[in-house]
Amino acid sequence: MVYGNHNDETGPLGAKYVLTSYFEIYKLDMHTREWEEVSGLGDWTLFVGNNYSFPIRSSECKSNRISFTDDFLDYYAKSEGRDMGVYNCEDETVDRTTMSSDLLSPFCPPLWITPNPWLLL
């Protein structure tokens, strides 16, 4: 389970929008059925979004990262899709992803699209 914290920011025209500032990462202990907070993802990268979340091993991308898309639907239109980026679990920093406005949908947050591994065989 991943929990992200948001901070309100003010845009260039005075509009308020929300930005993710950090993530808390928890692992479920299957024996005790309790959540345990962990400091990172180790050799994994996690992709988090509105439509789909999934992990990838570090051999395919940088490890110990959380890539996230703007999925807070209540604020999406106001934030103009600004809340996207990569969270580095090691140094707890967020590298913002910027996209031109012509690539962003006015009604739907960005989606992760992944290839079907069976089609790659």
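Structural notes, computed from the coordinates. Everything quoted here is computed from the prediction, not taken from an experiment. Counting restarts for each chain: residues are numbered from 1 in the order of the written sequence. Reporting in this predicted model follows two pLDDT cut-offs: at least 70 for local features of residues, and 80 or more for side-chain atom pairs to be given and counted; totals over whole chains, interfaces and linings ignore these cut-offs and use all residues. Only hydrogens and water are removed before side-chain values are computed, so all heavy atoms of the structure are retained for them.

### So, the overall build of the chain
Then, in step 1: Secondary structure elements are taken from DSSP: a helix is a run of H or I of four residues or more, a strand is a run of E of two residues or more, and numbering for both begins at the N terminus. What the chain contains, in helices and strands, is one helix and eight strands.
Then, in step 2: Helices (α) and strands (β) of the chain occur, in sequence order from the N terminus, as β-β-β-β-β-β-α-β-β.
Then, in step 3: Sorting the 121 residues of the chain into buried and exposed places 29% on the buried side.
Then, in step 4: Residues count as neighbours in contact if any of their non-hydrogen atoms are within 4.5 Å of one another. By sequence separation, contacts in the chain at least 24 residues apart represent 35% of the contacts at least 6 residues apart.
Then, in step 5: Residue-level accessible areas treat just the shown protein chains as cover; the underlying method is Shrake-Rupley with a 1.4 Å probe. Of the roughly 8600 Å² of accessible surface on the chain, 53% is carried by carbon and sulfur atoms. Here the term buried applies to any residue with accessible area under 20% of the maximum for its type, exposed to any over 50%, and partly exposed to those in between, with areas from a 1.4 Å probe on protein chains only.

### Remarks on the side chain of Ser67
Then, in step 1: Looking at where Ser67 falls in the secondary structure, it is placed in strand β6 (residues 65-68).
Then, in step 2: Residue class for Ser67 comes out buried when judged on its relative accessible area of 9%.
Then, in step 3: Beyond its immediate chain neighbours, meaning those up to four positions away, Ser67 contacts Thr45, Leu46, Phe47, Val48, Gly85, Val86 and Trp112.

### Some details on the nonpolar core
Then, in step 1: Throughout this description, the term nonpolar core refers to a set of buried Ala, Val, Leu, Ile, Met, Phe, Trp, Tyr and Cys residues connected via side-chain atoms within 4.5 Å. Judged by nonpolar contacts, Phe23, Ile25, Leu41, Leu46, Val48, Ile66, Phe68, Tyr87 and Cys89 together constitute the single largest core of nine residues.
Then, in step 2: For this core, the secondary-structure elements that each account for two or more residues are β2 (16-29), β4 (44-48) and β6.

### What to know about the sheet that holds β6
Then, in step 1: Here a strand pair is declared whenever DSSP counts at least two bridges between the two strands. In spatial order, the strands read β5-β4-β6-β7-β8; together these five strands make up an open sheet with mixed pairing. Two strands close off the open sheet at either side, each with one partner strand: β5 (54-57) and β8 (93-96). On average, each strand axis in the sheet is inclined to that of its neighbour by 20°, with strand direction left out of account.
Then, in step 2: Pairing analysis gives four bridges linking β4 to β5, with the strands arranged antiparallel. Along β5, the bridge assignment pairs Thr45 with Ile56. Here, axes are lines fitted to C-alpha atoms. For helices the fit covers the stretch in contact, and angles between N-to-C directions go from 0 to 180 degrees.

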